[in-house]
Amino acid sequence: MSSFLPVCSPLLAGKELDYVTQAVSSGWISSSGKYVGEFEKAFAAYCGSKHGIAVCNGTVALHLALTALGIGPGDEIVIPDFTMIASAFAVCYAGAMPVFADADPETWNIAAASAEAKITPRAKAIMPVHIFGNPCDMTALRRIASKHSLALLEDAAEAHGAEFGGKKAGTLADIAAFSFFANKNVTTGEGGMVVTNDDNLASACRYYKNLCFPPDAPREYLHRDIGFNYRMSNLHAAIGLAQTEKANEYRSLRIRNGRLYRERLREIPGIVLQAEQKDGLGVFWMNGVCLRPEVYGRTRGELLARLRENGVDTRVFFNGMHRQPALKKYGCDCAGQYPVSDLLADNGFYLPSGSGLQEADIDRVCALIKEFRRK
Ligand SMILES: Cc1ncc(COP(=O)(O)O)c(C=O)c1O
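Analysis parameters
Residues numbered from 1 in each chain as written. Predicted model: local features only at pLDDT ≥ 70, side-chain atom pairs only at ≥ 80, totals over all residues. Heavy atoms only, no water. Phe/Tyr/Trp six-rings, centres within 6.5 Å; stacked < 30°, edge-to-face > 60°. Helix = DSSP H or I, 4+ residues; strand = E, 2+ residues; numbered from the N terminus. Buried < 20%, exposed > 50% of the residue type's maximum accessible area, 1.4 Å probe, protein only. Lys NZ or Arg CZ within 6 Å of the ring centre and 35° of its normal. Domains from an automatic or database assignment. Contact = heavy atoms within 4.5 Å. Buried area = accessible area lost by both parts, 1.4 Å probe. Salt bridge = Lys/Arg side-chain N within 4 Å of Asp/Glu carboxyl O. Pairing = 2+ DSSP bridges. Right-handed = clockwise from strand over helix to strand, strands pointing away.

1. Quick word on the packing of aromatic side chains
And step 1. Going through the model one piece at a time under the given rule, you end up with 22 aromatic pairs.
And step 2. Measuring from centroid to centroid gives 6.2 Å for Phe-39 and Phe-43, while their planes differ by 55°, and the two rings are tilted. One end of the pair is Phe-39 and the other is Phe-43, both in helix H2 (residues 34–47) and 4 residues apart, which spans about a single turn. Assigned by exposure class, Phe-39 and Phe-43 land together as buried.
And step 3. By the ring-pair criterion, three or more aromatic residues cluster together here, those being Phe-82, Trp-108, Phe-132, Trp-285, Phe-317, Phe-318 and Tyr-350.
And step 4. The ring of Tyr-46 is capped by Lys-168, whose NZ or CZ atom sits 4.4 Å from the centre of that ring.
And step 5. Of note, Arg-219 hangs over the ring of Phe-213, and the distance from its end group to the ring centre comes to 3.7 Å.

2. Description of the domain arrangement of the protein
And step 1. What the domain assignment reports for the protein is domain 1 (16–247) and domain 2 (248–372).
And step 2. The C-alpha centroid of domain 2 is placed 25 Å from the C-alpha centroid of domain 1.
And step 3. Domain 1 puts 48 residues into the contact, and the matching count from domain 2 is 44 residues.
And step 4. Of all residues in domain 1, the largest losses of buried area upon contact with domain 2 belong to Trp-108, Phe-132 and Asn-185, amounting jointly to 20% of the total for that side.
And step 5. Linking domain 1 to domain 2 there are 2 salt bridges.

3. Brief notes about the pairing of strand E3 (residues 97–101)
And step 1. Extensive coverage of E3 is indicated by the burial of 4 of its 5 residues.
And step 2. Pairing of strand E2 (residues 76–80) with E3, which is carried by 5 bridges, proceeds in the parallel orientation. Looking at the pairing, Ile-77 lines up with Pro-98 of E3.
And step 3. Of the crossover connections in this fold, the one passing from E2 over helix H4 (residues 85–93) to the parallel E3 is right-handed.

Structure, rendered in structure tokens:
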């Protein structure tokens, strides 16, 4: 059997080991080391943004951004129903209520009309998610946010280097949150960053992420607010800096692989791919397929079993937020209809998508999918 193809493994092809070794030899392994600041500067510059605030994962980056925006109990935040659970949980950590909007059937991102329909007088922000690295239609979302005086927060966890209207993810809203989990296009193993052009939001993030120690005052150990320890260690930042130096290269690899998959899968009946956002540049964090079993002639379970038997790893898509028992228990309104999100959750799966994937790997996966179709 040919070699096993994981859904994603990190590509660590730059100075990661060098920088981590330097951090260890210097003894600076906590968040006080020099790489944290260097990584923040480099990643914010990569996005084209003024500030980067490094934290220990993408989930808390979202929570920190919501806290900086002043979101709290009684507030509603409109999020996509079709997203990873962390988007909703971060809203719960802030004590606010996530409200769900259905996905667009083509791009799989939050549908602007559905988002607007969910706005009530309690709404305080819209949190679009660039699903699988495909940027959202930020013009439409910005218009809705302005019309209803709402903040706009990008969940850019999956979208390092993605662009909309020529601007990078991280600069498309008031504030943005990234994840650097091991499968992301830029990784630190575990890690996250808040990115913003707004000086006040950036200061608030720095304050809350560090237990609300007064930033410039002498350490008297008196705290005016309840803060969080969301600091990133120097070891993680060392990896992040090396990754950021290669971010354009990794982005090109992901885009090349995404395009190869599209060329090879496009013509197979029953295989539906995510439509690329108009005016956008997607970064193909994951290459997703939404199967139409009645056209393909096999169920999703049959196809995934076939791929696994041949050494190809896959993952089914996440379940929508309205299906989540934890969110029902929290008090979210889960009663509405989310037909697109349901269709994706019931029929979707990802293919191997790491930056190190070779063209021959993609050929092998696509050939398996093509020959397994029952005509
Ligand atoms: C859309 C989205 N938001 C938030 C997160 C949370 O990031 P982390 O796993 O770094 O906490 C993820 C993680 O994959 C994600 O996909």
